[in-house]
Amino acid sequence: MVECATCNTDKPRSQFSKSQLTKPTQSRCCKSCQSQSQIVNAASAPEGNFLPEAGPGCHIAVDARNASKWLISKCCPFDRSEFGVSDDFTIPDISIDPETHILTVINHNTQEPMNRCYFISVGHKCRGKGGKELQTGWWEDEHGNKRECVTFVLVVPHGFMIDVCEIVLKRSESLEDVHLDSDIQPFLPDPNPFHSRTPLLFDVFPLGGAGPFQCTQGVNGCLTHFAHHSTMHAIDLACEIGTPVIAVGDGIVVDILHTNTVKGIHTSNLFKWNSVTVQLDCGVFVEYVHILPLSAVVCVGQRVSAGD
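Residues numbered from 1 in each chain as written. Predicted model: local features only at pLDDT ≥ 70, side-chain atom pairs only at ≥ 80, totals over all residues. Heavy atoms only, no water.

Engineer: Quick question: what am I supposed to make of the overall build of the protein chain here?
Structural biologist: Counting secondary structure elements, the protein chain contains four helices and 19 strands. Excluding contacts between residues fewer than 6 apart, the proportion of contacts in the protein chain whose partners are at least 24 apart in sequence is 66%. Per element, the accessible surface of the protein chain, about 17,600 Å² overall, is 51% carbon and sulfur. (Helix = DSSP H or I, 4+ residues; strand = E, 2+ residues; numbered from the N terminus. Contact = heavy atoms within 4.5 Å. Areas by Shrake-Rupley, 256 points an atom, 1.4 Å probe, with all protein chains shown as cover.)

Engineer: When you look at unusual backbone geometry in this model, what are you seeing that I'm missing?
Structural biologist: Excluding glycine, most residues fall at negative phi; most peptide bonds, likewise, are trans. Geometrically, the link from G211 to P212 is a cis peptide bond, its omega value of -5° lying close to zero. With respect to the helices and strands, P212 occurs in the loop between β12 (180-186) and β13 (215-217). Of note in the backbone geometry, N220 takes a positive phi value of approximately 65° without being a glycine. Along the chain, N220 falls in the loop between β13 and β14 (236-237). Of the residues examined, N220 reaches a relative accessible area of 14% and is grouped as buried. Phi is positive for H290, which is not a glycine, with a value near 70°. Mapped onto the elements, H290 comes out in the loop between β18 (285-289) and β19 (303-304). (Buried < 20%, exposed > 50% of the residue type's maximum accessible area, 1.4 Å probe, protein only.)

Engineer: Mind showing me how you'd approach the pairing of strand β17 (residues 275-280) here?
Structural biologist: Residues in a regular strand project their side chains so that they alternate between the two faces of the sheet. Among the six residues in β17, five count as buried, and that is most of the element. Of the pairings in the sheet, the one linking strand β15 (residues 251-257) to β17 comprises six bridges and is antiparallel in character. Directly across from G251, in β17, lies its bridge partner L280. In the sheet, β17 pairs with β18 via five bridges, with the strands oriented antiparallel. When the bridges of β18 are listed, T277 appears paired with E287. The loop that links β17 with its antiparallel partner β18 comprises four residues; one of these, G283, has a positive phi angle of about 100°. (Pairing = 2+ DSSP bridges.)

Engineer: Is there a simple way to think about the pairing of strand β10 (residues 146-156) in this case?
Structural biologist: Of all 11 residues that make up β10, eight are buried, and the element is covered over most of its length. Direction of pairing for strand β3 (residues 58-61) relative to β10: parallel, over a ladder of four bridges. Looking across to β10, one finds that I60 is bridged to V153. Relative to β10, strand β7 (residues 116-122) runs antiparallel, the two sharing seven bridges. Opposite V122, over in β10, you have V150 as the bridge partner.

Engineer: Mind showing me how you'd approach the packing of aromatic side chains here?
Structural biologist: In this description, a pair of aromatic rings is defined by centroid distance and the angle of the planes. Tallied over the entire structure, the rule returns five aromatic pairs. Between F119 and F226 the ring centres are 6.4 Å apart and the planes differ by 35°, which places this aromatic pair in the tilted class. With F119 in strand β7 and F226 in the loop between β13 and β14, this pair connects stretches of sequence that are 107 residues apart. Exposure remark for F119: the relative accessible area of 1% places this residue in the buried category. (Phe/Tyr/Trp six-rings, centres within 6.5 Å; stacked < 30°, edge-to-face > 60°.)

Engineer: Looking at this model, I keep getting lost on the environment of I167. Mind explaining?
Structural biologist: Residue position: I167 is located in strand β11 (residues 160-167). I167 sits in the buried class, given a relative accessible area of 1%. Separated by 40 residues in sequence, I167 and R127 have C-alpha atoms that sit 6.6 Å apart. Setting aside anything within four residues of it in sequence, one finds I167 in contact with I96, H101, L103, V122, H124, K125, C126 and V178.

Engineer: Please explain the nonpolar core as it appears in this structure.
Structural biologist: Soluble globular proteins: nonpolar side chains tend toward being buried together. Residues F152, L154 and V164 are the most contacted members of the largest nonpolar core, which totals 22 residues. Only β6 (102-106), β7, β10 and β11 provide two or more residues apiece to this core. Residues I60, V155, I265 and L270 belong to the second largest nonpolar core, which totals 17 residues. (Core = buried A, V, L, I, M, F, W, Y, C linked by side-chain atoms within 4.5 Å.)

Engineer: It is not clear to me how the side chain of H59 should be interpreted in this structure. Could you clarify?
Structural biologist: Tracing the backbone shows H59 in strand β3. Using a relative accessible area of 11% as the deciding quantity, one classes H59 as buried. Polar side-chain contacts of H59 include one of 2.9 Å to the backbone oxygen of Q135. (Polar contact = N/O pair within 3.5 Å; in protein donor to acceptor, adjacent residues only side chain to side chain.)

Okay, here's the thing in structure tokens:
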């Protein structure tokens, strides 16, 4: 047995890497404690750069370093033995305790060991830490049906788990009645997010009208801009419906998508949008996202000038 200097407990030698065993006794750290300390790097997206008022009903915990105030439990290592399951039992990504109705997320994918983002929507009221009811939001499907839901955005390091919330069911409901949808993605942030870039300066603002326009989610925003480097540098600007979208530079329209009619915070809607993409003469692509359905007044291949 070897003592871990971090948790002050004796553990088998197998719980220590070779490099740790060569260190002085007062510096040895077991694999579990090392994993806990690595959460800082595993979930580096900050819980910030997003205006909560812009997404009522969204509850975010993307930085495992700081246990969110609403989570039932903070992110902790998953131990199969504590659940009394055999080695050949497949661990689910998301589970609901049949007695307590606690929603738990477990990142235990042995085929692809990596940190993961969990986008989860529940069509029921939910309670967080201390039994406090969590705020609900709304969503609308392609048929115009509007419903309430609670949406969770989580980053869970590989080998860890989180008890998220209690799902509140009516007396007449069972687990079979739970409405839950999820989208699980690899956590693939920009490996070098702040490396030197040549700045692009535009004389034209992308929205028409007098403004001002409030930024509701910025670069690396913790709702939808943090999980993949392709969206890290996006920004969301709040504006009145019908505000004109303006070309910031000269270029060619290369893509148009404007047939989506869904709305709201449901997981199935978060990454559905309408957009117009322009390739500027300098080679940079500018994508205008979240435009109204069937509102594009340009066509693919059309040339635009700054201010159009």
